[in-house]
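Descriptive analysis of the structure
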Amino acid sequence: MSLNTYAKFVPNVFLAKCAEPHQRGDIITLTSRYGKETEVEIFNLVKQQDDAYFYSFVRCDGINRQTHALQKAERYQDCANNAQHRSEQYCEAANEGREFLRLAEPIKVGHHSEKRHRALIERNARRMDKSVEEMQKAERYEDKIAYWQERAETIDLSMPESLAYFQFELAKAKENHQDLKGNPEKREHSYSLTYAKKKVNELAKKVELAQRLWG
């Protein structure tokens, strides 16, 4: 039995490559190059080539690029929380013997307390270093959280919602282009009209692709 596999279509979009024809709404299993199986729901026949059928699909578990990005943001948030907690624990541990150290007693060289005094200072210094290290980890995780949260708001061609989204964006782009065309005084620079037309063309292409995938 032939496996249903993934085939790259355009950036961010994979199709289901099947040896057998399917109908919209069929549930099939796709197998990745690593052998991982995922149930998907068939949408449109996008193309037929070399006795293979290529379909757009959505995962049955509801995972898409947005939910994946949101899960990544949540995982990094957990990591940041854990790192912050560890930082606080190390900071608190670095208070060992603070009442004694607050007296600013000098180390009594040769005294029986010298070894304990030096060890206490070194332990607390190491703990503060670890506290700062964990705090810096938390800050790096926060940067990643912001990145993935932004990705979670992105709509691309891999989602059925992209058709309505790009149609709306195309209508806005066309309106803006016509406005600049009819009102030269609104152009910020000499290339404003060119850029506006380029955006219309790019969005028109995306609408065409979205229609093939999800229309």
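So, the overall build of the protein
The helix and strand inventory of the protein stands at five helices and five strands. Its helices and strands taken in sequence order, the protein reads β-β-β-β-β-α-α-α-α-α from the N to the C terminus. Every one of the 215 residues in the protein was classed for burial, and the buried ones make up 30%. For the protein, long-range pairs separated by at least 24 residues make up 58% of all intrachain contacts whose partners lie at least 6 apart in sequence. Surface summary for the protein: the accessible area is close to 14600 Å², and the carbon and sulfur share equals 50%.

Considering the sheet that holds strand 4 (residues 37–49)
Taken in spatial order, the five strands make up an open sheet running 1-2-5-4-3, and their pairing is antiparallel. Strands at the two margins of the open sheet, each flanked by one partner only, are strand 1 (5–10) and strand 3 (27–31). For this sheet the average axis-to-axis angle between neighbouring strands, irrespective of direction, equals 55 degrees. Pairing of strand 2 (residues 13–18) with strand 5 (residues 52–59) involves three bridges; the strand directions are antiparallel. Its bridge partner lying in strand 5, Ala16 is registered against Tyr55.

A look at the nonpolar core
Phe9, Val10, Val13, Leu15, Leu157 and Leu213 are the most contacted members of the largest nonpolar core, which has 21 residues in total. Taken together, the elements giving at least two residues each to this core come down to strand 1, strand 2, strand 4, strand 5, helix 4 (162–182) and helix 5 (192–214). Residue contacts for Phe9: discarding those within four places in its chain leaves Phe14, Leu15, Val46, Leu209, Arg212 and Leu213. If you look at the next biggest cluster of nonpolar residues, it comprises nine residues, including Ala16, Ile28, Leu30 and Tyr55.

A look at the packing of aromatic side chains
All chains considered together, the criterion is met by eight aromatic pairs. Look at Tyr53 and Tyr55: their rings are 6.5 Å apart centre to centre, the planes differ by 20 degrees, and that puts the pair in the stacked class. Grouping residues by exposure puts Tyr53 and Tyr55 together as buried. Centre to centre, the rings of Tyr165 and Phe166 are 5.1 Å apart; their planes meet at 65 degrees, and the pair counts as edge-to-face. We classify Phe166 as buried; its relative accessible area is 5%. Taken together, the aromatic side chains of Tyr6, Phe14 and Phe57 make up a single cluster linked through ring pairs. Positioned over the ring face of Phe54 is Lys47, at 4.9 Å from the centre of the ring.

Concerning the pairing of strand 4
Judged from the five bridges that link them, strand 3 and strand 4 form a sheet pairing that is antiparallel. Its bridge partner being in strand 4, Ile27 is matched across the sheet by Glu41. Across seven bridges, strand 4 lies against strand 5 in antiparallel orientation. Each residue of the ladder has a partner; that of Lys47, found in strand 5, is Phe54. Here strand 4 hands over to strand 5 after two residues, with Asp50 in that stretch at a positive phi of 50 degrees.

A look at helix 5
Look at helix 5: 32 Å from first C-alpha to last across 23 residues, which is about the 33 Å you get at 1.5 Å a residue. Buried residues in helix 5 make contact with strand 1, strand 2, strand 4, strand 5 and helix 4.

Thresholds applied
Residues numbered from 1 in each chain as written. Predicted model: local features only at pLDDT ≥ 70, side-chain atom pairs only at ≥ 80, totals over all residues. Heavy atoms only, no water. Helix = DSSP H or I, 4+ residues; strand = E, 2+ residues; numbered from the N terminus. Buried < 20%, exposed > 50% of the residue type's maximum accessible area, 1.4 Å probe, protein only. Contact = heavy atoms within 4.5 Å. Areas by Shrake-Rupley, 256 points an atom, 1.4 Å probe, with all protein chains shown as cover. Pairing = 2+ DSSP bridges. Axes fitted to C-alpha atoms, helices over the stretch in contact; angles between N-to-C directions. Core = buried A, V, L, I, M, F, W, Y, C linked by side-chain atoms within 4.5 Å. Phe/Tyr/Trp six-rings, centres within 6.5 Å; stacked < 30°, edge-to-face > 60°. Lys NZ or Arg CZ within 6 Å of the ring centre and 35° of its normal. Expected span 1.5 Å × (residues − 1).

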